[in-house]
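# Examination of the molecular architecture
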Amino acid sequence: MSMHTTLRRTAATLPSSTSTILPSSQIITSQSKSTTFVCSQCRHATLLRRPKRPYTFTQLITLSDGSAFTHRTSSPAPVYRSTRDTRNSLLWNPSSSKLMNVEDDEAGRLAAFRARFGRSFDASVPAAEADPDAKKAAVEAAKAQELADQEEEDNLLDLISSFGQQEAPLTEKEKGKGKKH
Amino acid sequence: MAAREPSRYLARALPRAFAPSARPQAFLGRRNVSDEAPARRLSDQLEDLETSSSLSAPVSDADAKSFDPIARSKARKTQLPRSRYQFRSPKYDRGPLHPHQPPVPSDPSSRLFVPGPFALPRAEQTYNSTVASDILTLCYVHTPPGFKAPVKASRLREWDDSSPYHKNRPLRGPRGGDVLRLLRKPIKFNNIPKIERITIHSYVKNAASDHSGWLHVAGIAVQAISNVRVETFKSKSSVATWSIVPGRDTVAVKAELQGENMYHFLGKLIDVVLPRIKDWPGVKGSSGDSSGNITFGLEPEQVALFPEIEVNYDMYPPKMIPGCHITLHTTAKADKDARLLLSAMGIPFYGKIIH
């Protein structure tokens, strides 16, 4: 912080109550006593201040993939291990499937569950997306919905286990329905 | 007359003038009648000069033999006081006419000397080895040989001479505001945009209404993350809701980073701090001052993610850790180039990119 204050020691030595009327001899004696060293800066001499630099240490930064580099820092810790950095954050690796929060739903169980119990935010999305996976999931969800209408008494496990067997007729039904609409 | 003065002095000083000639002021090319006055005649003044050099005076052998500085220093019993052999720069600069001049700041004996750089930062190496050549390639515009760029109209408009008062008026500014934007020249090998300096600025509103501890904590926190002493600033504008009076309240701290410090800070910011921010979308694509300087802000909890603050987090009162604005000043003349540079260095941008 550069809060420089000029030292004004002369002010302190002057009599504090100058407003009160004092005999002139007293004033003279008090002024002659002030032998304080005057330390304030004057106009014709600029003080050359030494630049202040904080102490810095050399620190080794180890990134999450094991790569390391050194830098100068004011932190005294010699090694800094980072758990989250550019190597494993999604913003810097947008195409990394490892970092993307993708659910693998090969059997369609999650989609089926969502189709039955999904509400506003996880309701099955309309099949407008061009993504083939999403389309497939949507079709499956629709099938599951139909199944659910047919046999509401059955539990969820039965419903899913009977998925593959009724696939062919159901798709026809579905197509017919879609044409009607 | 004043323009002829130096050449007259030159004529006096030149030894050629010693030679008697019919026209001693031949250098002038012009004579005045007043030059021939007896008080100003050149030949009279030249007679006052000594003809022999002082260096040609002989040195006596006794003097030459008695001069033996090595023997003198060996004969000395005690070491000389430090002031006899070490130069100390004057503490005050007393102006250009003072005989005791301080040395230049790049001189190690100067009081203003800052040593360094001590390391070649990783971000700077990345810039030199990869980013600079990439930018040069990306910004290359091919022009076939013999191509001449069409002449652009002058940016300042002329006055139509509809009024006689238009005569000798200075030119009008551009249409739609009188701000002349920076000229963007084609990027060649010698003007590849680079990062010039980084400014970390923190406005502490509680410093005025509350105690000055806020400002001290903010200053130390900014110094810790930047390795640079901060400057404090008083408010210029009045904010009644925060009870800030202009000129009275010291409310802001700023650190200016250049050179090595700047690259260390940038590397740390990009590699360690920004990825740790939760749900950070990046720097907004519309930020920038349209002349190549990009600014973004960090919240207090994001500033606390810096390793320097994290390592002794307990030192800082948690509510006093400041947020800050970080301005990346580049030598690019347009925000487009600055964003290209910064995204190559690893700063992500989001939203609509406005150039």
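As the structure is a computational prediction, the values presented were derived from the model and not from experiment. (Residues numbered from 1 in each chain as written. Chains lettered and ligands numbered in written order. Predicted model: local features only at pLDDT ≥ 70, side-chain atom pairs only at ≥ 80, totals over all residues.)

### Some points on the sheet that holds strand 3 (residues 68–73) of chain A
The sheet built from three strands is open, its strands ordered 3-2-4 (chain A) with mixed pairing. The open sheet has two edge strands with one neighbour each: strand 3 and strand 4 (79–81) of chain A. On average, each strand axis in the sheet is tilted by 30° relative to the strand beside it, whichever way the strands run. Pairing geometry for strand 2 (residues 57–62) of chain A and strand 4 of chain A, over three bridges, is parallel. Following the sheet pairing, Leu-60 of chain A is matched in strand 4 of chain A by Val-79 of chain A. Against the sheet, helix 9 (residues 259–273) of chain B contacts strand 2 and strand 3 of chain A, and its axis sits at roughly 130° relative to strand 3 of chain A. (Pairing = 2+ DSSP bridges. Helix = DSSP H or I, 4+ residues; strand = E, 2+ residues; numbered from the N terminus. Axes fitted to C-alpha atoms, helices over the stretch in contact; angles between N-to-C directions. Contact = placed C-beta atoms within 7 Å.)

### Focus on the sheet that holds strand 2 (residues 195–203) of chain B
Residue and element names in this part refer to chain B. Taken in spatial order, the five strands make up an open sheet running 3-4-2-7-6, and their pairing is antiparallel. The sheet is open, and its two borders are formed by strand 3 (231–234) and strand 6 (293–298), each paired with just one other strand. The average angle at which neighbouring strand axes cross in this sheet is 25°, direction not considered. Strand contacts of helix 8 (residues 213–226): strand 2, strand 3, strand 4 (250–258) and strand 7 (324–330), with the helix running at about 10° to strand 4, the strand carrying the most contacts. Against the sheet, helix 12 (residues 335–345) touches strand 6 and strand 7, its axis set at about 55° to strand 6.

### Some words on the environment of Ala-115 of chain A
Residue and element names in this part refer to chain A. Within the secondary structure layout, Ala-115 lies in helix 3 (residues 109–117). Among the residues examined, Ala-115 registers 23 C-beta atoms within 10 Å and is labelled buried. Measuring from C-alpha to C-alpha, the distance between Ala-115 and Glu-140 comes to 8.8 Å, with 25 residues separating the pair along the chain. (Buried ≥ 20, exposed ≤ 12 C-beta atoms within 10 Å, placed from the backbone.)

### Here we look at helix 8 of chain B
Each full turn of the α-helix corresponds to 3.6 residues, which orients residues three or four apart in the same direction. Residues and elements named next belong to chain B. The terminal C-alpha atoms of helix 8 lie 20 Å apart, and with 14 residues this matches the ideal 20 Å at 1.5 Å per residue to within 8%. Of all 14 residues that make up helix 8, 12 are buried, and the element is covered over most of its length. Every buried residue of helix 8 is listed here: Trp-214, Leu-215, Val-217, Ala-218, Gly-219, Ile-220, Ala-221, Val-222, Gln-223, Ala-224, Ile-225 and Ser-226. Residue Asn-227 follows helix 8 closely and has a positive phi angle near 65°. (Expected span 1.5 Å × (residues − 1).)

### Describing helix 3 of chain A
Along helix 3 of chain A, the residues that are buried comprise Ala-111, Ala-112 and Ala-115 of chain A. The buried residues of helix 3 of chain A all sit within an arc of 100° when viewed along its axis, so they share a single face. (Arc of directions from axis to C-beta.)

### Some details on the packing of helix 6 (residues 122–138) of chain B against helix 12 of chain B
Residue and element names in this part refer to chain B. Two elements in contact, helix 6 and helix 12, have axes separated by 10 Å at closest approach and are oriented at 135°. One finds that helix 6 runs oblique with respect to helix 12. Crossing handedness for the pair helix 6 and helix 12: right-handed. Contacts between helix 6 and helix 12 pair Ala-123, Tyr-127, Val-131, Asp-134, Ile-135 and Leu-138 from the former with Leu-340, Leu-341, Ala-344 and Met-345 from the latter. When grouped by side-chain class, the residues that make up the contact of helix 6 with helix 12 number nine nonpolar, no polar and one charged. (Parallel < 35°, antiparallel > 145°, perpendicular 65-115°, else oblique. Left-handed = near helix turned anticlockwise from the far one by under 90°. Nonpolar A, V, L, I, M, F, W, Y, C, P; charged D, E, K, R; others polar.)

Remember, this is a structural readout, not a statement about activity or role.
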